[in-house]
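Spelled out from the first residue to the last, the chains are:
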Amino acid sequence: MGPGNAKKPAHLVVIGGGTAGVGLIASLKKRVKNLNITLIEPNENHFYQPAWTLVGAGLYHNSRTARPLAKVIPAETRWIQEYVASVSPEQHAVTTQSGRVIDYDYLVIASGIVLRWDRIAGLEETLGRNGVTSNYQPGLAAYTWELVKELKSGNAIFSQPKPPFKCAGAPQKALYLSCEHWQKTGRLNDINVSFNLAGEAIFSVPYFIPVLKSYLDSYTATVTCSSSLVKVDGEKRLATFHITEPGQPDRHVEQRFDMLHVVPPQTAPDFIAKSGLANVDGWCDVHSTTLQHQKYPDIFSLGDCCSAPASKTAAAARKQIVVVAENLRNVMQGKEPASHYDGYGSCPLTVKRGKVVLAEYGYNNRLLPTFPLEPSHPSRLAWFLTTRFLPVFYWRGLLKGVEWFARSKQPDR
């Protein structure tokens, strides 16, 4: 099957009804009027996930982070509420888990990321009880806040997996906001705070490490790098970490906890690799600038599931949406992709209530600040943007095709 013509509109299939998928449909509808769009997404609700960190600190109500997907999908979009089993790019077809086959002329894969709770032994059995929580799970952020409020003394552990994972600052934000509450209530001296991260540095962009380290020090948090959570025994309140150090044999270390905030390992959905669309690491294999598939020009991918070596954040998706919308329109018109993604991502690092380090950066760790402020300086403006402006803009702007501060880059001629 090929592109549509004047008599029959081209059929675009979008896999994924998260930020990237819904935002892309809204932006593309502004550019291409004669287009038949089908969205494949199994979940009934759409979530504003950046607010879950605030819910975990008692600063935002969980009910405000979710809306029925039917209310945020752009008008005249057909919605198939199923999981995708496979894609047959040579046949231009998507097969759902029920066996339903949907033909397409163009395909956008925005299926998000998979939280692999199963890769940590014992975690699924105890998640949401026995002091084990995660702001990455819908509904559990409220349990995080309950634990923070109730903890008077003991051991609080915060884990972070090997990258890539979505929202690189979220594991630390959970720690900072919890510690500030304990500090303000006079409990921090009685709580041993540990930050165990599987990577070798506390943040991927070196420019921001000094300011983040200063806050970790101020909260007396013990930081252990190259430490991966591999097992949780909720009944015994034991967390097991796999430690790797240069020149030392690998070892397992058990730590007792009264509160354990877990961020699980994360991967792309399996159907991407099974369909021959992935790179060696399982991510949908796209050109890092045009976001067009390396092998199939009628396929684009954006958001957390794509291989672009950028941060997996809603802010990155916001910029990628415009690039894909413009490039897909060009391909539909028989032209070459003309818009380039510069790797932009943003991570608002909430180091305390009222203060946010707005880390904005692109490929090769290049700083890409939106405002003329010192990027590493915690600011109230960034706090206002994070807690007040962005949630409103997300629902009323981004998901409806508003593209403020999202202009794409044009390649040098």
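Residues numbered from 1 in each chain as written. Predicted model: local features only at pLDDT ≥ 70, side-chain atom pairs only at ≥ 80, totals over all residues. Heavy atoms only, no water.

Caption draft 1: Spotlight on the sheet that holds strand β8 (residues 101–103). With antiparallel pairing, the 3 strands of this open sheet are ordered in space as β6-β7-β8. The sheet is open, and its two edges are formed by β6 (84–88) and β8, each paired on a single side. When the angles between neighbouring strand axes are averaged without regard to direction, this sheet yields 20°. Alignment of strand β7 (residues 93–96) against β8, held across 3 bridges, turns out to be antiparallel. Across the sheet, Ala-93 pairs through a bridge with Asp-103, a residue of β8. (Pairing = 2+ DSSP bridges. Helix = DSSP H or I, 4+ residues; strand = E, 2+ residues; numbered from the N terminus. Axes fitted to C-alpha atoms, helices over the stretch in contact; angles between N-to-C directions.)

Caption draft 2: Region of the structure containing the sheet that holds strand β15 (residues 227–233). If you walk across this open sheet you meet the 3 strands as β15-β16-β17, and the pairing is antiparallel. Each edge of the sheet is formed by a strand with only one pairing partner; in this case those strands are β15 and β17 (251–256). Taken pair by pair, the neighbouring strands of this sheet meet at an average axis angle of 30°, ignoring direction. For strand β16 (residues 238–243) and β17, the ladder comprises 6 bridges, and the chain directions are antiparallel. Looking at β17, one finds that Thr-240 is bridged to Glu-254.

Caption draft 3: Inspection of the packing of helix α5 (residues 141–150) against helix α6 (residues 170–184) at higher detail. Running from N to C, α5 and α6 point in directions that differ by 30°, and their axes come no closer than 10 Å. Classified by the angle their axes make, α5 and α6 are roughly parallel. The two elements α5 and α6 meet at a crossing, and its hand is right-handed. Across from Trp-145, Val-148 and Lys-149 in α5, the residues of α6 making contact are Ser-178, His-181 and Trp-182. (Parallel < 35°, antiparallel > 145°, perpendicular 65-115°, else oblique. Left-handed = near helix turned anticlockwise from the far one by under 90°. Contact = heavy atoms within 4.5 Å.)

Caption draft 4: View of the pattern of salt bridges. Inspection of the entire model under this criterion finds 9 salt bridges. Taking the shortest distance from any N to any O, the salt bridge between Glu-326 and Arg-31 comes out at 3.5 Å. Within this pair, whereas Glu-326 is found in helix α9 (residues 314–332), its partner Arg-31 is found in helix α1 (residues 19–31), the two being separated by 295 residues in sequence. Of the charged contacts, one joins Arg-31 and Glu-403 as a salt bridge, the two residues approaching to 2.8 Å between their closest N and O atoms. (Salt bridge = Lys/Arg side-chain N within 4 Å of Asp/Glu carboxyl O.)

Caption draft 5: Summary view of the side chain of His-11. Within the secondary structure, His-11 sits in strand β1 (residues 10–15). The buried category is assigned to His-11, whose relative accessible area is 12%. In this structure the side chain of His-11 is engaged in a polar contact, spanning 2.7 Å, whose partner is the side chain of Thr-38. Here Asp-103 takes part through its backbone oxygen, which lies 2.7 Å from a polar atom of the side chain of His-11. (Buried < 20%, exposed > 50% of the residue type's maximum accessible area, 1.4 Å probe, protein only. Polar contact = N/O pair within 3.5 Å; in protein donor to acceptor, adjacent residues only side chain to side chain.)

Caption draft 6: Looking closely at the packing of aromatic side chains. Following the criterion strictly, the structure yields 12 aromatic pairs and no others. Seen in terms of ring centroids, Tyr-207 and Phe-208 are 5.2 Å apart; in terms of plane orientation they differ by 85°. Their pairing is edge-to-face. Residue Tyr-207 is classed as partly exposed on the basis of its relative accessible area, which comes to 35%. Pairing Tyr-394 with Trp-395 gives two aromatic rings, centres 5.3 Å apart and planes at 85°, and the pair type is edge-to-face. No difference in accessibility class separates Tyr-394 from Trp-395, as the two residues are buried. (Phe/Tyr/Trp six-rings, centres within 6.5 Å; stacked < 30°, edge-to-face > 60°.)

Caption draft 7: Here's a closer look at α6. Taking 1.5 Å of rise per residue, the 15 residues of α6 would be expected to cover 21 Å, and the 21 Å separating its terminal C-alpha atoms lies within 8% of that figure. Within α6, 13 of the 15 residues are buried, leaving the element largely enclosed by the surrounding structure. Taken from the residues just after α6, Gly-186 is the one with a positive phi, measuring 75°. (Expected span 1.5 Å × (residues − 1).)

Caption draft 8: How the structure looks around the packing of α6 against helix α7 (residues 209–218). Interaxial distance between α6 and α7 falls to 10 Å at its minimum, and their mutual angle equals 40°. Classified by the angle their axes make, α6 and α7 are oblique. Remark: the crossing between α6 and α7 carries left-handed chirality. Contact with α6, carried on its side by Gln-172, Leu-175, Tyr-176 and Gln-183, involves Leu-212, Tyr-215, Leu-216 and Ser-218 of α7 and no other residues of that element. Split into classes, the residues belonging to the contact of α6 with α7 amount to 5 nonpolar, 3 polar and no charged. (Nonpolar A, V, L, I, M, F, W, Y, C, P; charged D, E, K, R; others polar.)

Caption draft 9: Quick look at unusual backbone geometry. In this structure, the amide linkage connecting Pro-163 to the following residue, Pro-164, adopts the cis form with an omega of 5°. Position of Pro-164 among the secondary structure elements: in the loop between β12 (154–160) and α6. Residues other than glycine seldom take positive phi values, yet Glu-76 does so here, at roughly 65°. Within the fold, Glu-76 resides in the loop between α3 (69–72) and β5 (77–80).

Caption draft 10: Geometry of the environment of Arg-119. Tracing the sequence through the fold places Arg-119 in the loop between β10 (114–115) and α4 (123–126). Remark: the alpha-carbon pair of Arg-119 and Lys-231, spanning 112 residues in sequence, is separated by 8.7 Å. Dropping the residues within four chain positions of it, Arg-119 is found in contact with Val-230, Pro-265 and Thr-267.

Caption draft 11: Seen up close, the nonpolar core. By size, the foremost hydrophobic cluster in this structure holds 50 residues, and its most contacted members are Leu-12, Val-108, Leu-302 and Tyr-341. Counting only elements with at least two residues in this core, the list comes to β1, α1, β2 (35–40), α2 (52–55), α3, β9 (106–109), α9 and α10 (380–396). Beyond its immediate chain neighbours, meaning those up to four positions away, Tyr-341 contacts Ser-288, Thr-289, Leu-291, Ala-308, Ala-310, Ala-316, Lys-319, Gln-320, Val-323 and Tyr-363. Counting residues in hydrophobic clusters, the runner-up holds 34 residues, among them Trp-145, Ala-156, Ala-174 and Tyr-215. (Core = buried A, V, L, I, M, F, W, Y, C linked by side-chain atoms within 4.5 Å.)

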